[in-house]
Amino acid sequence: ETMGLMEDGDFLMGGPYNDAHGLMLYFPKKSPIENFPVNNARDRRFIAMPAYLGGRFHVCGEKWYGSNLANREKGLPRSILTTVLNDPDTGAPLAIMSANALSAARTGAIPAVGAKYFARNQAETVSAIGIGVIGRACLEALMDVLKSIREIRLCDIDEAAAKRYAEELREKYKESVKVAASVEEAVRGSDVVNVATSGSVSPRIEDEWLKEGALLTLPASADISETLMMDSRIVVDNWEMYEAYAEELRNAKGGFGKNLSGICGFMMDLVWDGKIRKEDITGLGDVAAGKAEGRHDDKEKVIFIMDGMPIEDLAWGYTIYRNALEQGIGKRLNLWGDLT
């Protein structure tokens, strides 16, 4: 539904072209100022992600995204997220909510929407590389769409966590669940492969590991070759968002890959170098709106690249907000005191 609204133009995001992922605070690696926050390669960042979503939602809002890998040493999640919903006419806040679970749900949903249109017929094997909060949300959303799955494969640097999760999945789905000893073992012969590793981890996937007709969904990054990218069908969540990145980074030294993390920058370098035609890249919104085809046949390999959009957070956030109102959940705040 959200992808259809995006294709209809019934949305806004930040930036001059209304397609920006968000506005990021880039922390320096060092500073002469005492107590100034620095990055130190620990994934320290803040992103403000404002948007408007129309249709039945008709809501403005923002996800405020804070991340620091060092949080784990304090017993906190790497990312700590908050969503604020606002009335689009008055600007008054409708809700303030913790957004970690919300963000995981919306991130997990998008690979599943991709699988709805691009997984091969009667897909039997799905592989999850990275089984943290996001990886689990992706896998369970994929299982909701892929009704013919007979085998689930898990691959994670924490093998003990993967084994515990495998037991949970066996109880829930009654399917064969295997813990792969390597990325290769997880990928070879699998119909759908989802990568949801965190931080700067980009697992290497060799060309020959990905079977004919496979769907590779990438809410995180993967280390894949130019050849695999050029020989596969590329699908993205919102191409205009990547063009907004390009406008911002056009003159940055080292190309997009050096300045935009993960597979997104790699894809953009290939497009701007003429190795992939942007006309050959399929937008998920076009497919959801019936303006472009999904999978062409059972032989094509499909790589689905997504970077996430705040309109997805608004869709889930508004749904949660309406449910909370109906069920009397939450605490009402009077932000202006006694106005009588």
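The structure presented is a predicted model; accordingly, all values stated were derived computationally and were not measured.

Conventions we followed
Position numbers for residues count from 1 along each chain, tracking the sequence in the order it is written. Totals for whole chains, interfaces and linings use all residues, but because this is a predicted model, local features are given only for residues with pLDDT of at least 70 and pairs of side-chain atoms are given and counted only at 80 or more. Excluded from the side-chain calculations are hydrogens and water; all other atoms, namely the structure's heavy atoms, are used. Think of a 1 Å grid over the protein atoms and nothing else: a 1.4 Å probe that fits but is trapped marks a cavity, an open set flanked by protein within 12 Å on at least five of seven lines marks a pocket, and residues with an atom within 4 Å of a point count as lining. Grid points are joined across faces, edges and corners, and a volume is the space filled by probe spheres set on the points. Helix and strand assignments follow DSSP, with helices taken as H or I runs no shorter than four residues and strands as E runs no shorter than two, numbered in order from the N terminus. In this classification, the charged set is Asp, Glu, Lys and Arg, the nonpolar set is Ala, Val, Leu, Ile, Met, Phe, Trp, Tyr, Cys and Pro, and all remaining amino acids, among them Gly, are polar. When DSSP finds two or more bridges between two strands, those strands count as paired. For this analysis, residues touch if any pair of their heavy atoms sits within 4.5 Å. For every residue, the accessible area (1.4 Å probe, protein chains only) is compared with the maximum for its type, and the residue is labelled buried under 20%, exposed over 50%, or partly exposed between those bounds. Under this definition, polar contacts are N or O atom pairs within 3.5 Å; protein pairs additionally need one hydrogen-donor-capable and one acceptor-capable atom, and for neighbouring residues in sequence, both atoms have to be side-chain atoms. Salt bridge, as used here: a side-chain nitrogen of Lys or Arg that lies within 4 Å of a carboxyl oxygen of Asp or Glu.

Asker: Residues and numbers for the layout of surface pockets, please.
Answerer: Empty space within the second largest pocket amounts to approximately 560 Å³. Along the wall of the second largest pocket there are 18 residues; nearest its centre are Leu-94, Ala-95, Tyr-321, Lys-331 and Arg-332. Among the secondary structure elements, those contributing two or more residues to the lining of the second largest pocket are β6 (93–98) and α11 (310–327). Sorting elements by how many residues they give to the lining of the second largest pocket places β6 first, with 5 residues. By residue class, the composition of the lining of the second largest pocket is 13 nonpolar, 3 polar and 2 charged.

Asker: Explain the pairing of strand β3 (residues 45–53) to me, using residue names and the numbers behind them.
Answerer: Sheet analysis places strand β1 (residues 11–13) next to β3, joined by 3 bridges and oriented antiparallel. Its bridge partner being in β3, Leu-12 is matched across the sheet by Tyr-52. As paired strands, strand β2 (residues 23–26) and β3 are joined by 4 bridges and run antiparallel to one another. Directly across from Leu-25, in β3, lies its bridge partner Phe-46. Note: β3 against strand β4 (residues 59–67), 9 bridges, orientation antiparallel. When the sheet's bridge partners are listed, Tyr-52 is paired in β4 with Cys-60. Where β3 hands over to β4, the hairpin turn is made up of 5 residues, of which Gly-55 adopts a positive phi near 65 degrees.

Asker: Any chance you could break down the environment of Phe-57 for me, citing the residues and the numbers?
Answerer: Residue position: Phe-57 is located in the loop between β3 and β4. Placed 220 residues apart in sequence, Phe-57 and Arg-277 show a C-alpha to C-alpha distance of 35 Å. Sequence-distant contacts of Phe-57, that is, excluding residues within four places in its chain, are made with Glu-1, Leu-5, Ala-315, Tyr-318 and Thr-319.

Asker: So what about the side chain of Glu-300? Which residues, and what values?
Answerer: As for its position among the elements, Glu-300 is in the loop between α10 (284–288) and β14 (302–305). A relative accessible area of 14% places Glu-300 in the buried class. A polar atom in the side chain of Glu-300 sits 2.7 Å from the backbone nitrogen of His-296. If we skip the residues at most four places from it in the chain, Glu-300 touches Gly-213, Ala-214, Arg-233, Gly-294 and Arg-295.

Asker: Describe the sheet that holds strand β13 (residues 282–283), and please don't skip the residues or the numbers.
Answerer: With parallel pairing, 8 strands are arranged side by side in an open sheet as β9-β8-β7-β10-β11-β14-β12-β13. In this open sheet, the two strands that pair with only one neighbour each are β9 (176–179) and β13. Summarising the sheet, strand β12 (residues 233–236) and β14 pair through 4 bridges and their orientation is parallel. Bridge assignment links Ile-234 to a residue of β14, and that residue is Ile-303.

Asker: Lay out the pattern of salt bridges with the relevant residues and their values.
Answerer: Note on pairing: side chains with opposite charge can pair once their charged atoms come close. As enumerated under the stated definition, the model contains 20 salt bridges in all. Taking the shortest distance from any N to any O, the salt bridge between Lys-172 and Glu-140 comes out at 2.7 Å. You can see Lys-172 sitting in helix α4 (residues 159–173) and its partner Glu-140 sitting in helix α3 (residues 133–145), a full 32 residues away along the chain. With a relative accessible area of 29%, Glu-140 lands in the partly exposed category. Overlapping salt bridges bring together Lys-63, Arg-106, Glu-312 and Asp-313 as one network.

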